[in-house]
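The lines below spell out each chain.
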Amino acid sequence: MLTLADGTYTTIQPNAGATHPGYFRVAGQSKADGFIYTAQGSCTQCDAPDSGAARFDLNGNRQDVDLNVGKYGQAGGIELSPAGYYLYFLARDPDQPAPANSGLYMFGNVIVRYSVFDGTSSVVARANAGDFIEDYTLTSNDPDISYVEVVPESTYAPMGSHENDIKQRLVRRVNLLTHSAPETLTTTSTASYLLWCGDSLYYGTADPSDKSYVSSYNPITGATAQVEGQLLGCAP
């Protein structure tokens, strides 16, 4: 960790107990409690999903965070909400049907929200039975969560090249204040790296020639646009 004010470094080790230490993405520093949150895992199988979380103070002191996943299997790294009150992560509900032929592959079919203050977790978004969630993003003031729900074909083969095994992707949104039913904003054949910028939702797409594009959708006007390139971020 680099302190920009004086150029000093503080070492943090999110994977202190690992058999094979690895690096796990830092979710960010919470504005609510001042801690730095990061995913952690054993890395005994380094292509496995991250498991659990840790937090650090500015001196590098580490605490494990129990995400209280219960019956759910964590299927993705944590994301910190912009205001810093919650951690979000993909998880798999074992009681909900997974994509056909998925085997042991860890799909996320729910998004779980963890409160950094009271330690409780709850499901805030859920894919339809047999579908899975590929990516998600939060708006700057936390009222909504948007995500890509993948609708696979019955011949889906998760470990191979499977774009032909996907029927469609639904870009959906849930209001976290009202716990509304999922709203489908748009459908697309490819969608990744969701990002809200102003009133428009941006996401990466690709065509059969492997060219990359940035597509946008404005749910207020219904306007869509697409330009060639990669989605990097939202300028203020």
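Numbering of residues starts from 1 in every chain and runs along the sequence as written. Local features in a predicted model are, by the rule used here, given only for residues with pLDDT of at least 70; side-chain atom pairs are given and counted only at 80 or more, and totals for whole chains, interfaces and linings are based on all residues. For the side-chain quantities, the full set of heavy atoms in the structure was used; hydrogens and water were omitted.

Asker: Help me understand the nonpolar core in this model?
Answerer: As a rule of thumb, soluble globular proteins bury nonpolar side chains together. One finds Tyr37, Val65, Leu67, Ile78, Leu87, Phe89 and Tyr114 to be the most contacted residues of the largest nonpolar core, which totals 15 residues. Of all the secondary structure elements, the ones that give two or more residues to this core are strand E4 (36-39), strand E9 (86-92) and strand E10 (110-115). Here a residue-residue contact requires only that any non-hydrogen atoms of the pair lie within 4.5 Å. Other than its neighbours up to four places away in sequence, leucine 87 contacts Tyr37, Leu67, Ile78, Glu79, Leu80, Val112, Arg113, Tyr114 and Val116. Judged by nonpolar contacts, the second largest core, of 14 residues, contains Ala75, Ile111, Ile145 and Val174. Grouping buried Ala, Val, Leu, Ile, Met, Phe, Trp, Tyr and Cys residues that are joined through side-chain atoms within 4.5 Å yields what is termed a nonpolar core. Buried residues are those whose accessible area, probed at 1.4 Å on protein chains only, stays under 20% of the maximum for their type, while exposed residues exceed 50% and partly exposed ones sit between those limits. Helix numbers and strand numbers start at the N terminus; a helix is a DSSP run of H or I with at least 4 residues, a strand a run of E with at least 2.

Asker: Where do I start with the sheet that holds strand E3 (residues 26-29) in this structure?
Answerer: Strand pairing in a sheet is mediated by backbone hydrogen bonds. Such pairs are either parallel or antiparallel. Taking strand neighbours across the sheet as the criterion, the four strands line up as E3-E4-E5-E6 in an open arrangement whose pairing is antiparallel. Each edge of the open sheet carries a strand with a single partner, namely E3 and strand E6 (62-65). Each neighbouring strand pair of the sheet contributes to a mean axis angle of 20 degrees, computed without reference to strand direction. Think of it this way: DSSP has to see at least two bridges between two strands before they count as a pair. Bridge count between E4 and strand E5 (residues 53-56): four bridges; the pairing is antiparallel. Residue pairing in the sheet places threonine 38 in a bridge with alanine 54 of E5. Interaxial angles span 0 to 180 degrees and are taken between N-to-C directions of axes, which are lines fitted to C-alpha atoms, for helices over the stretch in contact.

Asker: Would you mind showing me how to read the pairing of strand E18 (residues 212-217) here?
Answerer: Working note: regular strand, side chains alternate between the two faces of the sheet. The buried fraction of E18 is high, at five of six residues. Bridging between strand E17 (residues 200-206) and E18 involves six bridges; their strand directions are antiparallel. When the bridges of E18 are listed, alanine 206 appears paired with serine 212. By the bridge criterion, five bridges tie E18 to strand E19 (residues 224-228) in an arrangement that is antiparallel. Of the residues in E19, the one forming a bridge with tyrosine 217 is threonine 224.

Asker: Please explain the state of the cysteines as it appears in this structure.
Answerer: In protein chemistry, a disulfide is the covalent bond that joins the sulfur atoms of two cysteines. Put simply, a disulfide is two cysteine sulfurs that come within 2.5 Å. Under the definition given, this model contains one disulfide. Each sulfur of the disulfide joining cysteine 197 and cysteine 234 lies 2.0 Å from the other. Where cysteine 197 bonds to cysteine 234 through sulfur, the torsion about that S-S bond is close to 65 degrees, and the disulfide is right-handed. In this pair, cysteine 197 sits in strand E16 (residues 192-197) while cysteine 234 sits in the segment after E19, placing the two residues 37 residues apart along the sequence. Residue class for cysteine 234 comes out partly exposed when judged on its relative accessible area of 37%.

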